[in-house]
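The chain contents come next:
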Amino acid sequence: MKELIRRAAEDLAAAGNVAALTGAGISVESGIPPFRGKGGLWERFDPMEFAHIDALMRDPVKVWKILVKKMKEPLDRAKPNDGHKGLAKLEAQGKLKTIITQNMDGLHQAAGNTDVIEYHGTFAWQRCMDCHKKYETRKVDISEIPPRCECGGILRPDIIFFDELIPAEAMWRSRQAATDCDLMLVVGTSAVVQPAAMIPVIAKDSGAKIVEINPERTPLTNKISDYLIMGGAGEVLNGIVAALEKI
Ligand code: NAD
Ligand code: ZN
């Protein structure tokens, strides 16, 4: 692993425009369970029952109960970990430009990154299913489930449920970032959720190096990634930042 960390630092030092694609894995060390991989929510129950748009439409009360337990409570407690902080340091060092994240936890911004594309939306905001008014989640009273808008409509998180479309701006901005970068860090994503999983493919096709950080192999490994640094995001990114400082 040490050898690959040094290689990544050298590749970063040589790169002019770096982007990162992150997934649920980067927030695992902040206490937020991912969907897939070890300890993932899919080991215990089917996220289609709370992460699919049909489930929300059919039974918002049931979905909200799960969202409060599996998202609201862990997110309220979560703080950026060394993985998020490592990416923030890479931006502060003038290396990393844009983060495209599939996460809705806001931890990249909390760590200090300033250009974060929230590809699957954000849990920090709720919106009314009737009038589309938006509310900050921390100001929403969830003692009554489902929470409601002042118009009486049901509030839903401003996130993308399965089978919903990616917001157009997130779509084109991430395509642009993937096309422009000459190195992409792909951190903590199983790379099976589409269309997000296409982002490293677009970067690769545009000539970028792809450096994957994940304790497990993914469909990108060997095909799209130049190399995989097998390990947790915090440890690996700490190592890369330290090695980069010495170059
Ligand atoms: P995923 O759950 O499908 O996969 C998680 C990946 O992280 C796996 O490949 C796993 O091996 C890896 N991983 C586990 N621990 C890690 C660590 N310490 N460091 C680095 N990697 C680690 O995640 P996904 O690809 O992001 O897709 C899941 C979808 O679920 C996304 O759309 C995301 O929006 C959503 N989701 C978000 C959150 C969040 O906001 N934090 C949490 C769960 C799910
Ligand atoms: Zn409303």
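Residues numbered from 1 in each chain as written. Chains lettered and ligands numbered in written order. Predicted model: local features only at pLDDT ≥ 70, side-chain atom pairs only at ≥ 80, totals over all residues. Heavy atoms only, no water.

Student: Any chance you could break down the pairing of strand β8 (residues 209-213) for me, citing the residues and the numbers?
Tutor: Counting buried positions along β8 yields 4 of 5 residues, so the element is predominantly enclosed. Here strand β7 (residues 183-187) pairs with β8 via 5 bridges, running parallel. Within β8, the position partnered with L185 by the bridge is V211. Read as a crossover between parallel neighbours, the route from β7 over helix α8 (residues 199-205) to β8 is right-handed. Looking at chain direction, β8 and strand β9 (residues 227-229) are connected through 3 bridges and run parallel. Looking across to β9, one finds that E212 is bridged to L228. (Buried < 20%, exposed > 50% of the residue type's maximum accessible area, 1.4 Å probe, protein only. Helix = DSSP H or I, 4+ residues; strand = E, 2+ residues; numbered from the N terminus. Pairing = 2+ DSSP bridges. Right-handed = clockwise from strand over helix to strand, strands pointing away.)

Student: Run through the side chain of R156, naming residues and quoting values.
Tutor: Structurally, R156 is set in strand β6 (residues 155-159). Note on R156: relative accessible area 4%, which makes it buried. If near-sequence neighbours (up to four positions away) are discounted, R156 is found in contact with I53, L56, W64, W125, Q126, R127, M129, F161 and E164. (Contact = heavy atoms within 4.5 Å.)

Student: An account of helix α5 (residues 82-92) is needed here, citing residue identities and associated values.
Tutor: Those residues of α5 not exposed but buried are G83, H84, G86, L87, A88, L90 and E91. Contact partners of the buried residues in α5: α1 (2-14), β1 (18-22), β2 (96-101), α6 (107-111), β7 and α9 (233-246). Just past α5, the residue G94 takes up positive phi, approximately 80 degrees.

Student: Tell me about the coordination of the zinc ion (ligand 2), and name the residues and values.
Tutor: Within the first shell, the zinc ion (ligand 2) binds the protein through C128 (SG), C131 (SG), C149 (SG) and C151 (SG), at distances of 2.3 to 2.4 Å. Taken together, the 4 donor atoms coordinating the zinc ion (ligand 2) and their angles of 104 to 120 degrees define a geometry best described as tetrahedral. The class for C128 is buried, based on a relative accessible area of 0%. The class for C131 is partly exposed, based on a relative accessible area of 41%. (Donors = N, O, S within 2.8 Å, 3.2 Å for Na, K, Ca; no water. Tetrahedral: all angles 85-135°; square planar, octahedral: opposite > 155°, others 65-115°.)

Student: Any details on the pairing of strand β4 (residues 121-128)? Residues and values, ideally.
Tutor: When β4 meets β6, the two strands line up antiparallel, connected through 5 bridges. Following the sheet pairing, Q126 is matched in β6 by P157. Taken together, the 3 bridges between β4 and strand β5 (residues 134-136) define a ladder with antiparallel strand orientation. For Q126, the partnering residue across the bridge sits in β5 and is Y135. Turn length for the β4-β5 hairpin, with the two strands adjacent in sequence and antiparallel, is 5 residues, and the turn residue H132 shows positive phi of about 70 degrees.

Student: Kindly report on the site of ligand 1, identifying the contributing residues and their values.
Tutor: Near ligand 1, the surroundings consist of 26 residues, among which R36, Q102, H120, T189 and S190 are the closest. Measuring from an oxygen atom of ligand 1, one finds a backbone N or O atom of M104 at 2.9 Å. One of the backbone nitrogen or oxygen atoms of A233 is found 2.9 Å away from a nitrogen atom of ligand 1. Protein burial of ligand 1: of its 860 Å² of free accessible surface, 94% is covered by the chains. Of the residues that constitute the shell around ligand 1, the class distribution is 11 nonpolar, 11 polar and 4 charged. (Near = heavy atom within 4 Å. Polar contact = N/O pair within 3.5 Å; in protein donor to acceptor, adjacent residues only side chain to side chain. Areas by Shrake-Rupley, 256 points an atom, 1.4 Å probe, with all protein chains shown as cover. Nonpolar A, V, L, I, M, F, W, Y, C, P; charged D, E, K, R; others polar.)

Student: So, the environment of N103: which residues are in play, and what are the values?
Tutor: When you line up the elements, N103 lands in the loop between β2 and α6. Judged by its relative accessible area of 7%, N103 falls in the buried class. For the pair N103 and H120, spaced 17 residues apart in sequence, the C-alpha to C-alpha distance is 6.7 Å. Not counting the four nearest positions on each side in its chain, N103 is found in contact with T22, G23, A24, I26, S27 and G121. Looking at N103, its side chain comes within polar contact range of the main-chain nitrogen of A24, at 2.9 Å.

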